[in-house]
Amino acid sequence: MKTNQLIGAFIIGATLISCGGDQQGKSTEELLESNNLEELKQKRDELSNQEHNLIVEIEKLSAAIAKLDTNKRMPLISVFPIVQQEFKHYVEVQGSIDTKQNVILFPEYSGVLKKLSVKEGQRVSAGQLLASIEDGGLAQQVNLAEIQLDLSKTTFERQKRLWEQKIGSEMQFLQAKATYEGQQKSVAQLKSQLAKTQITAPFSGIVDEIMIEEGNVVGPGQMGVMRIINMKQMFVEAYVPETYIAAVNKGKSVKIEIPVLNSTIDGTVSQASNYIKPDNRSFKIEAVLANEDGMIKPNMTAKVQINDYTSEKAILVPQNIISENADGETFLYVAEPAGKGKATAKRTIVKLGKSQGKMVEVLEGLKPGFTVIQEGARTVLDGQKVQIIKNS
């Protein structure tokens, strides 16, 4: 009540002083009509002095009111308790998906492509016949060589028995043996050549593309016949800056996001290179991808998040409550309970670690059990009384 009377008396007195001044001299309207520069400046200076005096007096009154008014409005804040939790930091790089079993099959024998035994998109097994090339009579040569092999074998076995019975000469035995062994090598060589007329699957997979039609002449070093891909065992390849070489190694967990499929796959680093590329100062890592449904294709792009740092008992806070003072120190506000839903804001200097998303790890300055101001953290002052409206 006394405070209100004091303010009212002050305002009435200031008004009377202002009116009295105008009565003793010319009014503002009269001065404006006179166009007298000196009188206008003098009037402006008088009003400026009055304005300054009024501001000073109002600030005094405001300070007195703040001390006397127990019902003044306090800043409204929300708080959350500090707890320890697991924190994983990830470094994100771009990656490319591929498979190590992606080959173009080339012919090893010159001739006409006689038959394609598969179609595009067909799934094949390792060793399955895919295509045949005209052998140019090579199969007949193998048959004749096998007949001669049988004859040389019979002759050798007969000479061997005679030699063991001390019948015949050693030279006859050695000649039969040499002929038999030579014929064996000849048959093996012819069969090896004949095998090259057949193209078989080197691994299980899918015939992705057939590049030449039946009836065309093929040969070593010419056009490939078909592409075969195994998409069961895919991998992602990425290059990581050399600054992470100590933290990123084989066995580290990764998250692989494939944007075009709108999917994320968990995996581990299967290989980490020891070679630093001089052009971009990075090293290569690979991670295996399961592809049971076959939706992942070679050369797809991916975002690879590699876990380079883990803390089992980390203290995390939102990044938007962190401020920085003129000395470059980072700080936030802790709410010290004052009873009945009220608290005192205390500025607390903190040391920050790694950040992930909207959260940042606090290494020093906070302990479990502290209560930190969240909403209102940017507007409160150190030592200010606050009203808690929400606990997160």
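Numbering of residues begins from 1 in every chain and follows the order in which that chain's sequence is written. The predicted origin of the model limits local features to residues at a pLDDT of at least 70 and limits the giving and counting of side-chain atom pairs to 80 or more, whereas totals for whole chains, interfaces and linings rest on all residues. Calculation of side-chain values draws on the structure's entire complement of heavy atoms; hydrogens and water are dropped beforehand.

Engineer: When you look at the nonpolar core in this model, what are you seeing that I'm missing?
Structural biologist: In plain words, nonpolar cores are sets of buried Ala, Val, Leu, Ile, Met, Phe, Trp, Tyr and Cys residues tied together by side-chain atoms within 4.5 Å. Exposed residues in this analysis have more than 50% of their type's maximum accessible area, buried residues have under 20%, and partly exposed residues fall in between, with area computed by a 1.4 Å probe over protein chains only. With 28 residues, the main nonpolar core has Leu 113, Val 124, Leu 130 and Met 226 as its most contacted residues. Broken down by secondary-structure element, the contributors of at least two residues to this core are strand S4 (111-116), strand S6 (129-133), helix H4 (138-164), helix H5 (170-195) and strand S10 (226-229). Here, residues are in contact when the closest pair of their heavy atoms is within 4.5 Å. In contact with Leu 113, other than residues within four places in its own chain, are Ala 131, Ser 132, Ile 133, Ile 212, Glu 213, Glu 214, Gly 215, Asn 216 and Val 218. Only DSSP runs of H or I with at least four residues qualify as helices, and only runs of E with at least two residues qualify as strands; both kinds are numbered from the N terminus onward.

Engineer: Please clarify how the packing of aromatic side chains should be interpreted in this entry.
Structural biologist: Two rings from Phe, Tyr or Trp (for Trp, the six-membered ring) form a pair when their centres are within 6.5 Å of each other. A pair whose planes differ by under 30 degrees is stacked, one over 60 is edge-to-face, and the rest are tilted. Tallied over the full model, the rule gives five aromatic pairs. Summarising the aromatic geometry, the rings of Trp 163 and Phe 173 are spaced 6.3 Å apart at their centres and angled 10° between planes, so their arrangement reads as stacked. Here the residue Trp 163 occupies a position in helix H4, and Phe 173 occupies one in helix H5, the gap between them amounting to ten residues. For Phe 173, a relative accessible area of 13% translates into the label buried. Just above the ring of Phe 235 sits the side chain of Lys 100; from NZ or CZ to the centre is 4.5 Å. Over the ring of Tyr 239 we find Lys 277; its NZ or CZ atom is 4.7 Å from the centre of that ring. We call a charge positioned over a ring when the NZ of a Lys or the CZ of an Arg lies within 6 Å of the ring centre and within 35 degrees of the ring normal.

Engineer: Can you help me understand the sheet that holds strand S9 (residues 217-218) in this one?
Structural biologist: Either a parallel or an antiparallel arrangement is found when strands of a sheet pair, and the pairing is made through backbone hydrogen bonds. Taken in spatial order, the four strands make up an open sheet running S7-S6-S4-S9, and their pairing is antiparallel. Each edge of the sheet is formed by a strand with only one pairing partner; in this case those strands are strand S7 (198-200) and S9. Sheet analysis places S4 next to S6, joined by three bridges and oriented antiparallel. Residue pairing for S6: Leu 113 is matched across the bridge by Ile 133. Any two strands with at least two DSSP-identified bridges between them are counted as paired.

Engineer: Would you explain the side chain of Thr 348 in this entry?
Structural biologist: One can find Thr 348 in strand S18 (residues 342-356). Definition of a polar contact: a pair of N or O atoms within 3.5 Å, with one able to donate and the other able to accept a hydrogen when the atoms are protein atoms, and with sequence-neighbouring residues admitted only if both atoms are side-chain atoms. A polar atom in the side chain of Thr 348 sits 3.4 Å from the backbone oxygen of Lys 346. Each residue touching Thr 348, except ones within four places of it in the same chain, is listed here: Thr 330, Phe 331, Leu 332, Val 334 and Gly 365.

Engineer: Looking at this structure, how should I read the side chain of Thr 344?
Structural biologist: Tracing the sequence through the fold places Thr 344 in strand S18. At a separation of 3.0 Å, a polar atom in the side chain of Thr 344 contacts the side chain of Lys 385. Aside from chain neighbours lying at most four places away, what touches Thr 344 is Val 334, Ala 335, Glu 336, Ala 338, Gly 383, Gln 384, Lys 385 and Val 386.

Engineer: Is there a simple way to explain the pattern of salt bridges in this structure?
Structural biologist: A side chain of one charge can pair with a side chain of the opposite charge when the charged atoms of the two come close. Salt bridges, as used here, are contacts in which a Lys or Arg side-chain nitrogen is within 4 Å of a carboxyl oxygen on Asp or Glu. Summed over the entire model, instances satisfying the criterion amount to nine salt bridges. As a salt-bridge pair, Glu 292 and Lys 232 come within 3.9 Å of each other at their nearest N and O atoms. You can see Glu 292 sitting in the loop between strand S14 (282-290) and strand S15 (301-318) and its partner Lys 232 sitting in the loop between S10 and strand S11 (233-241), a full 60 residues away along the chain. Looking at Glu 292, the relative accessible area reads 63%, which means it is exposed. Put simply, Glu 286 and Lys 284 hold a salt bridge, and the shortest N to O gap is 3.8 Å.

Engineer: What is the right way to look at the pairing of S18 in this model?
Structural biologist: Here strand S17 (residues 330-339) runs beside S18; their pairing, made up of nine bridges, is antiparallel. Residue pairing for S18: Gly 339 is matched across the bridge by Lys 342. Sheet analysis places S18 next to strand S19 (residues 359-364), joined by four bridges and oriented antiparallel. Of the residues in S19, the one forming a bridge with Ser 355 is Val 360. Following S18, the chain reverses through two residues before pairing antiparallel with S19; Gly 357 in that reversal takes a positive phi of roughly 65°.

Engineer: Even after reading the chapter, I still don't get the sheet that holds strand S3 (residues 102-105), so can you show me in this structure?
Structural biologist: The sheet built from four strands is open, its strands ordered S3-S10-S8-S5 with antiparallel pairing. Sheet topology places S3 and strand S5 (123-124) at the edges, where each strand pairs with a single neighbour. Pairing of S5 with strand S8 (residues 205-210) involves two bridges; the strand directions are antiparallel. Opposite Arg 123, over in S8, you have Ile 206 as the bridge partner.

Engineer: I would appreciate a short explanation of the packing of H4 against H5 in the present structure.
Structural biologist: Following both chains from N to C, one finds H4 and H5 inclined at 155°, their axes separated by 8 Å at the closest point. Here H5 runs roughly antiparallel to H4, going by the angle between their axes. As H4 packs across H5, the resulting crossing turns out to be left-handed. Only Asp, Glu, Lys and Arg are considered charged in this grouping, and only Ala, Val, Leu, Ile, Met, Phe, Trp, Tyr, Cys and Pro are considered nonpolar; every other residue, Gly among them, is considered polar. Of the residues contributing to the contact of H4 with H5, the split by class is 13 nonpolar, ten polar and six charged. To define axes, lines are fitted to C-alpha atoms, for helices over the stretch in contact only, and angles between the resulting N-to-C directions are given on a 0 to 180 degree scale. The cut-offs work like this: below 35 degrees is roughly parallel, past 145 is roughly antiparallel, 65 to 115 is roughly perpendicular, and the gaps in between are oblique. Helix crossings fall into two classes, left-handed where the near helix is turned counterclockwise from the far one by less than a right angle and right-handed where it is turned clockwise.

Engineer: Please clarify how unusual backbone geometry should be interpreted in this entry.
Structural biologist: Glycine aside, negative phi is the norm for most residues, and most peptide bonds take the trans geometry. Positive phi, normally seen in glycine, also occurs at Asn 262, with a value near 55°. Structurally, Asn 262 is set in the loop between strand S12 (253-258) and strand S13 (263-272). The phi torsion at Asn 299 lies on the positive side, around 75°, for a residue other than glycine. Its place among the elements puts Asn 299 in the loop between S14 and S15. Judged by relative accessible area, which is 60%, Asn 299 ranks as exposed.

Engineer: Whenever I open this one, the confidence of the model for the protein chain confuses me. Can you help?
Structural biologist: Averaged over every residue, the pLDDT of the protein chain is 87; residues scoring 70 or more account for 91%. Think of pLDDT as the predictor's per-residue confidence, scored from 0 to 100. The secondary structure element of the protein chain with the lowest average pLDDT is helix H1 (residues 2-24), at 45, and the one with the highest is S19, at 96. Note on residues 1-24: pLDDT under 50 across the span, and 13 contacts to partners over four residues away in sequence or across chains.

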